[in-house]
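Working through the structure, step by step
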Amino acid sequence: MFRIIGERINTSRKQVQTAVIERNTGYIRMDVQQQQDAGAGFIDVNAGAGIGHEMEDMKWLIETIQPIARVPLCLDSPDPAVLEMAYGMVDQPPMINSISLEKERFDVMIRFLKGKACRIIALCMDDSGMPVSSDDIVRRAEKLVFELEAIGMKKDDIYIDPLVQPISTDTCKGNMALGAVREIKTLFPQVHITGGLSNISYGLPQRKIINQTFITLMMGAGMDSAILDPLDERIMATIKTADMLLAHDDYCMAFLKGVRSGLITS
Ligand code: THG
């Protein structure tokens, strides 16, 4: 089954930023409950918008969420020091978001990850920046898988993020990601593919239909996880339906449950 990483606890969202500033426990807990009820398999926690106080905000968010979390947290920060602090606070093995091939971040993160119980999101980013072709994404994914396996991580705990880029800047960006996902899945069937999808529609109108269609194509190519808003019923209905069509839903049980609950409609 497709794994949803609920993206809502992110201080780039205005209401979350306000709740964090006001230390509003009730708001954060209610949001997390709703994401879990909607089918999130992980709760992403990102305090990166609080410039200069990411560490304290992340600490407060984890203290706040942990007592009601029924699923693992996805600790989301570009700062290895924040990830290390957060890792020390959680009581079930988290997902760590993320490592990349950017030298400074890579070296610190690989040392930290050795021997840790966690899942890891690995971004196909290096010091030259965003990937420019499918081959570029695949080469970076291969290097990340190689290095993570070398420190003892299992393929099943590795989530490659191919870094989706806006189609509005270059209409080849969709095919670039799709081709890379197919190739990575062929090379490493046990490795997972995840990522934020809303980048694909950046700069265009009617973003939701673009995101829904793109996630369907990405799932066909082998993507099996995504960071998104699980309270968006249309995208959740699209994912459940695509999962069934890709034979990931035995006896169509999850689809039928979605219909009975009113989530899935024509
Ligand atoms: N890959 C990985 N991690 C990631 C991303 C990724 N973490 C952060 C981000 N991208 C995914 N998370 C979010 C969280 C919230 C929103 C988008 C992505 C969001 N955006 C609003 C919008 O797009 O309209 C704007 C903010 C607002 O609500 O004001 O909500 O790609 N590994």
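Note: the structure precedes this text.
Residues numbered from 1 in each chain as written. Predicted model: local features only at pLDDT ≥ 70, side-chain atom pairs only at ≥ 80, totals over all residues. Heavy atoms only, no water.

**Re the overall build of the chain**
Defined as follows: Secondary structure elements are taken from DSSP: a helix is a run of H or I of four residues or more, a strand is a run of E of two residues or more, and numbering for both begins at the N terminus. The contact criterion used throughout is that any non-hydrogen atoms of two residues lie within 4.5 Å. The sign given to each residue is positive for Lys and Arg and negative for Asp and Glu; His and the chain ends receive no count. Think of each charge as sitting on NZ of Lys, CZ of Arg, CG of Asp or CD of Glu.
Within the chain, the regular secondary structure consists of 10 helices and 8 strands. In terms of overall dimensions, the chain has a C-alpha envelope of 45 × 40 × 35 Å along the principal axes. Taking the contacts inside the chain whose residues are at least 6 apart along the sequence as the reference set, 67% of them involve residues at least 24 apart. Distance from the positive charge centre (28 side chains) to the negative charge centre (35 side chains) of the chain: 3 Å.

**A short note on the pattern of salt bridges**
Between side chains of opposite charge, a pair can form as their charged atoms come close. Using the following cut-off: Here, a salt bridge means any Lys or Arg side-chain nitrogen found within 4 Å of an Asp or Glu carboxyl oxygen. When a residue's accessible area, from a 1.4 Å probe over protein chains only, is under 20% of the maximum for its type it is buried; when over 50% it is exposed; and in between it is partly exposed.
For the coordinates displayed, the defined rule picks out 15 salt bridges. With a shortest N-O distance of 3.3 Å, Arg-140 and Asp-126 are connected by a salt bridge. Residue Arg-140 is located in helix H6 (residues 134-150), and its partner Asp-126 is located in the loop between strand S5 (119-123) and H6; the two are separated by 14 residues in the primary sequence. For Arg-140, a relative accessible area of 4% gives the class buried. Through salt bridges with shared partners, a single network forms among Asp-126, Asp-136, Arg-139 and Arg-140.

**Examining the sheet that holds S5**
This is how it is decided: By the convention used here, strands pair only if DSSP detects at least 2 bridges between them.
Taken in spatial order, the 8 strands line up as S7-S6-S5-S4-S3-S2-S1-S8 in an open sheet, and their pairing is parallel. At either margin of the open sheet sits one strand with a lone partner, and together these are strand S7 (192-193) and strand S8 (225-228). When strand S3 (residues 73-76) meets strand S4 (residues 95-99), the two strands line up parallel, connected through 3 bridges. Bridge pairing in S4 places Leu-75 opposite Ile-96.

**Focus on the packing of helix H2 (residues 25-37) against helix H3 (residues 54-65)**
How we decide: Here the axes come from fitting lines to C-alpha atoms, over the contacting stretch only for helices, and the angles between their N-to-C directions go from 0 to 180 degrees. For any helix crossing, the convention is left-handed if the near helix is rotated counterclockwise from the far helix by under a right angle, and right-handed if that rotation is clockwise. Throughout, the ten residues Ala, Val, Leu, Ile, Met, Phe, Trp, Tyr, Cys and Pro are labelled nonpolar, Asp, Glu, Lys and Arg are labelled charged, and all others, Gly among them, are labelled polar.
The geometry of H2 relative to H3 is characterised by a closest axis approach of 9 Å and an angle of 65 degrees between their N-to-C directions. Every pair of crossing elements has a handedness; the one defined by H2 and H3 is right-handed. The segment H2 lies against H3, with Thr-25, Ile-28, Arg-29 and Val-32 engaging Trp-60, Leu-61, Glu-63, Thr-64 and Ile-65. Residue composition of the contact of H2 with H3, by class: 5 nonpolar, 2 polar and 2 charged.

**Here we look at the environment of Ala-117**
Relative to the assigned elements, Ala-117 resides in the loop between helix H5 (103-113) and S5. Owing to a relative accessible area of 43%, Ala-117 belongs among the partly exposed residues under this scheme. Here the alpha-carbon distance between Ala-117 and Ser-100, two residues 17 residues apart in the chain, equals 19 Å. Sequence-distant contacts of Ala-117, that is, excluding residues within four places in its chain, are made with Tyr-87, Pro-93 and Pro-94.

**Examining the site of the ligand**
Stated precisely, the cut-off is as follows: Any residue with a non-hydrogen atom lying within 4 Å of a molecule or strand is treated as near it. By the criterion applied in these results, polar contacts are pairs of N or O atoms within 3.5 Å in which, for protein atoms, one can donate a hydrogen and the other can accept it, and in which residues neighboring in sequence qualify only through two side-chain atoms.
In the neighbourhood of the ligand, the contacting residues comprise Glu-7, Asn-10, Ser-12, Arg-13, Asp-76, Asn-97, Ile-121, Leu-123, Asp-161, Gly-196 and Ile-227. Asn-97 is positioned with one of its side-chain polar atoms (N or O) 2.9 Å from a nitrogen atom of the ligand. In the shell around the ligand, the residues fall into 3 nonpolar, 4 polar and 4 charged.

**Points about the side chain of Gln-35**
Within the secondary structure layout, Gln-35 lies in helix H2. For Gln-35, a relative accessible area of 0% gives the class buried. Within the local environment of Gln-35, its side chain forms a polar contact with the backbone nitrogen of Glu-7, the two atoms lying 3.4 Å apart. Once residues lying within four places of it in the same chain are set aside, the contact partners of Gln-35 are Gly-6, Glu-7, Arg-8, Ile-9, Ala-40, Ile-43, Pro-230 and Leu-231.

**Here's the deal with unusual backbone geometry**
One can expect most non-glycine residues to show negative phi and most peptide bonds to be in trans. Located in the positive-phi region is Tyr-251, a residue other than glycine, with phi close to 60 degrees. Along the polypeptide, Tyr-251 turns up in the loop between helix H9 (233-245) and helix H10 (253-260). Judged by its relative accessible area of 75%, Tyr-251 falls in the exposed class. One non-glycine residue, Cys-252, adopts positive backbone phi at about 60 degrees.

**Notes on the side chain of Thr-11**
Among the secondary structure elements, Thr-11 is positioned in the loop between strand S1 (3-10) and helix H1 (14-21). At a separation of 3.0 Å, a polar atom in the side chain of Thr-11 contacts the main-chain amide nitrogen of Ala-49. In contact with Thr-11, other than residues within four places in its own chain, are Val-16, Gln-17, Val-20, Asn-46, Ala-47, Gly-48, Ala-49 and Gly-50.

**A word on the nonpolar core**
Going by this rule: Only buried residues count toward a nonpolar core. Its members are Ala, Val, Leu, Ile, Met, Phe, Trp, Tyr and Cys residues joined through side-chain atoms within 4.5 Å.
Judged by nonpolar contacts, the single largest core of 79 residues is most densely connected at Ile-99, Leu-113, Leu-148 and Ile-160. In contact with Ile-99, not counting residues within four places along its chain, are Phe-106, Met-109, Ile-110, Leu-113, Ile-120, Ile-121, Ala-122, Leu-123, Leu-144 and Leu-148. Listed in part, the 10 residues of the second largest apolar core include Leu-123, Tyr-159, Leu-163 and Ile-227.

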